[in-house]
Amino acid sequence: MILIIGAGLSGLSAAWHLRGHDVLVLEKEREPGGLARSVSEDGFTFDFTGHLLHTRDPQIAALCDRLLGADQVRLERRAFVQHGDRLVPYPFQANIASLPDDVRIECVKGFVETLLPGRAPAPGSFDAPARPLPLSFLNVKTPRGAYALSFLDWAKATFGDGFTRQFFEPYNAKNFACDVATISADWVSWAIPKPALEDVLRGAMAVVDKAFGYNPRFVYPASGGIRRLPDAFARELDCVKTTQTVVAIDAVAKVARLADGSRVRYDALLTTQPLPELIAMTTGLDAAAYAAVRQLRWCSVASFNFGVAGTLGHDRHWVYYPDRTLPFYRAGFPTNLTSAMAPPGQTSICAEVAYAPDRFPPSDDDTARVRDGLVACGALDDARRVTRATRLDLPYAYVLFDEARRAALPVLFEALVARDVIPLGRYGSWNYLSMEDSIAQGIEAARYAKGGR
Ligand SMILES: Cc1cc2nc3c(=O)[nH]c(=O)nc-3n(C[C@H](O)[C@H](O)[C@H](O)COP(=O)(O)OP(=O)(O)OC[C@H]3O[C@@H](n4cnc5c(N)ncnc54)[C@H](O)[C@@H]3O)c2cc1C
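Cut-offs applied
- The residue numbering used here restarts from 1 in each chain and proceeds along that chain's sequence as written.
- Confidence filtering applies because this is a predicted model: local features only for residues at pLDDT of at least 70, side-chain atom pairs given and counted only at 80 or more, and all residues used for totals across whole chains, interfaces and linings.
- Note on method: axes are straight lines fitted to C-alpha atoms, helices fitted across the in-contact stretch only, with angles between N-to-C directions ranging 0 to 180 degrees.
- Helix numbers and strand numbers start at the N terminus; a helix is a DSSP run of H or I with at least 4 residues, a strand a run of E with at least 2.
- For classification purposes, angles smaller than 35 degrees are called roughly parallel, those larger than 145 roughly antiparallel, those between 65 and 115 roughly perpendicular, and all remaining angles oblique.
- Here a crossing is taken to be left-handed if its near helix is turned anticlockwise relative to the far helix by less than a right angle, and right-handed if that turn runs clockwise.
- By the criterion used throughout, residues are in contact when their C-beta atoms, derived from the backbone, lie within 7 Å.
- Gly counts as polar in this scheme, as do all residues outside two lists: the nonpolar Ala, Val, Leu, Ile, Met, Phe, Trp, Tyr, Cys and Pro, and the charged Asp, Glu, Lys and Arg.
- With C-beta atoms placed from the backbone, a residue counts as buried when 20 or more other C-beta atoms lie within 10 Å of its own, as exposed when 12 or fewer do, and as partly exposed for counts between those limits.
- An automatic or database domain assignment is the source of the domain bounds shown.
- Think of it this way: DSSP has to see at least two bridges between two strands before they count as a pair.
- Classification remark: right-handed applies to a crossover when, strands pointing away from the viewer, the course from the first strand over the helix to the second runs clockwise.

Peer 1: Talk me through the packing of helix α1 (residues 9–16) against helix α7 (residues 228–235); I want residue IDs and the actual numbers.
Peer 2: Between α1 and α7, the shortest axis-to-axis distance is 10 Å and the interhelical angle comes to 30°. When the interaxial angle is binned, α1 and α7 end up roughly parallel. For the crossing formed where α1 meets α7, the hand is left-handed. The segment α1 lies against α7, with Leu9, Leu12, Ser13 and Trp16 engaging Pro230, Phe233 and Ala234. The class makeup of the residues in the contact of α1 with α7 is six nonpolar, one polar and no charged.

Shown next, in the form of structure tokens:
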């Protein structure tokens, strides 16, 4: 029997691609979906932070399309960076025309300096591991050239001191709740686009949004929130058991123990739990794994959702906030994706705040701080229009990339795979994964499990 721990998108995808096999999925929450869940409250739908589906792989796009059916909207990104009182179209580095002269000059000058002979770092590339594991996503590559730099040094070398000071450093310090000199740059290759000099110059003189980046177009359910995607997976499966928390794993005897005291014997285990929790509850691993897991760093996120009486007065999908005086790094406007996210006559805002795990969960005062910050930056004109506030907590949100992660993961993955335990998903593979990536890992893990190692 193949046991899958967690009914988030990676676990559901693995189970879905294992239909016809002897599979059991155990999920601790009352419903499947993990991070891709949504809650419904009096006509409002709140996601666990906005989850927009942008696919690159045609096979996964077709699968999601089939699962979501006709009831979906296809949208062109309307995203911005708020710098002072100006709204700059995203991506910042190609659209600074509306900023004050001194900021534009600082940014363009710094960018040009990165192009001077001898200034650019070697292009970023990766070395494959010396001892590859059988699943591609468990192979931790070693970055070379630009990707081997700290994030701060990479941003300076790639975009220059001006763009780094004005946006990349303050924004990412808020997003990851850490000093960005302490994280590495090996996650950025697909996520942050470097424009050509001509695009920076054009963007500094007149606004041109050239659909840079990984998410210029995306899909979203027309109603019901992002949970419609995991719900559609789960509807086609009869092996998903909710409110079943795994509390211990004996990796030698291949037995999982549940919170209610029952035991499940398995032949292979696919697990999507966060690695720190998985290793803490598992006995029988190589001793090095228990030391290695202590090296992993991450940040938590709280998603502050507000119902608002009346309209928002704009059609933005989301805005990034590098300003350190505002608590949130990003705010999304779900009712600008589809009006079905709120009851008639109301709208909604979702603001995301990142925390170091030892400062999590936030206090109730933070809700008022976030609401007041939305008024201060102009995202909301009057706090009295807020009709409800709902906080959703993500104890694990972004894994932090650094050298310690790179050293720890091979030790952890080798120890787990040696015991037929396959960690997958955003927190099992301890990576920066989109929903599409998580579904893809589920497909690969299912293929591996079918092979019967
Ligand atoms: C702030 C934020 C914004 C994001 N925005 C986007 C976006 O716009 N677009 C996009 O494509 N992706 C986005 N993502 C990424 C996306 O959420 C993930 O890639 C994906 O949902 C991860 O799925 P998963 O199954 O790997 O993990 P999870 O969703 O975390 O699922 C793991 C499951 O395991 C369960 N579990 C854990 N421990 C146990 C246990 N002991 N027993 C039983 N069950 C257990 C959990 O309850 C959970 O259901 C975002 C992520 C974050 C943090």
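We are not done yet, so read on.
Peer 1: Residue-level account of the environment of alanine 251, with values.
Peer 2: Mapped onto the elements of the fold, alanine 251 is located in the loop between β12 (246–250) and β13 (255–258). For alanine 251, a count of 20 C-beta atoms within 10 Å translates into the label buried. For the pair formed by alanine 251 and leucine 285, sequence separation is 34 residues and the distance between their alpha carbons is 6.9 Å. Excluding its chain neighbours within four sequence positions, the residues that come into contact with alanine 251 are Thr282, Thr283, Gly284, Leu285, Arg419 and Val421.

Peer 1: Break down the domain arrangement of the chain for me, citing the residues and quoting the values.
Peer 2: Domain assignment breaks the chain into domain 1 (2–34 + 227–295 + 403–450) and domain 2 (79–205). Placing a centre on the C-alpha atoms of domain 1 and another on those of domain 2 gives a separation of 33 Å. Each partner contributes residues to the interface: domain 1 has 15 residues there, and domain 2 has eleven residues. Counting only elements with at least two residues in the side of domain 1 that touches domain 2, the list comes to α11 (403–417) and α13 (435–450). By residue number, the principal contributor to the side of domain 1 that touches domain 2 is α11, which donates seven residues. Per-class residue counts for the side of domain 1 that touches domain 2 are nine nonpolar, two polar and four charged.

Peer 1: Before we move on, can you summarise the pairing of strand β1 (residues 2–5) with the specific residues and values?
Peer 2: Of the two faces of β1, both are covered, the one formed by Ile2 and Ile4 as well as the one formed by Leu3 and Ile5. Direction of pairing for β1 relative to strand β15 (residues 268–271): parallel, over a ladder of four bridges. From the neighbouring strand, isoleucine 5 faces β15, where its bridge partner is threonine 271. Here β1 runs beside strand β2 (residues 23–26); their pairing, made up of four bridges, is parallel. In the sheet register, isoleucine 4 faces β2, and the bridge partner there is valine 25. As a crossover connection, the stretch from β1 through α1 into β2 is right-handed.

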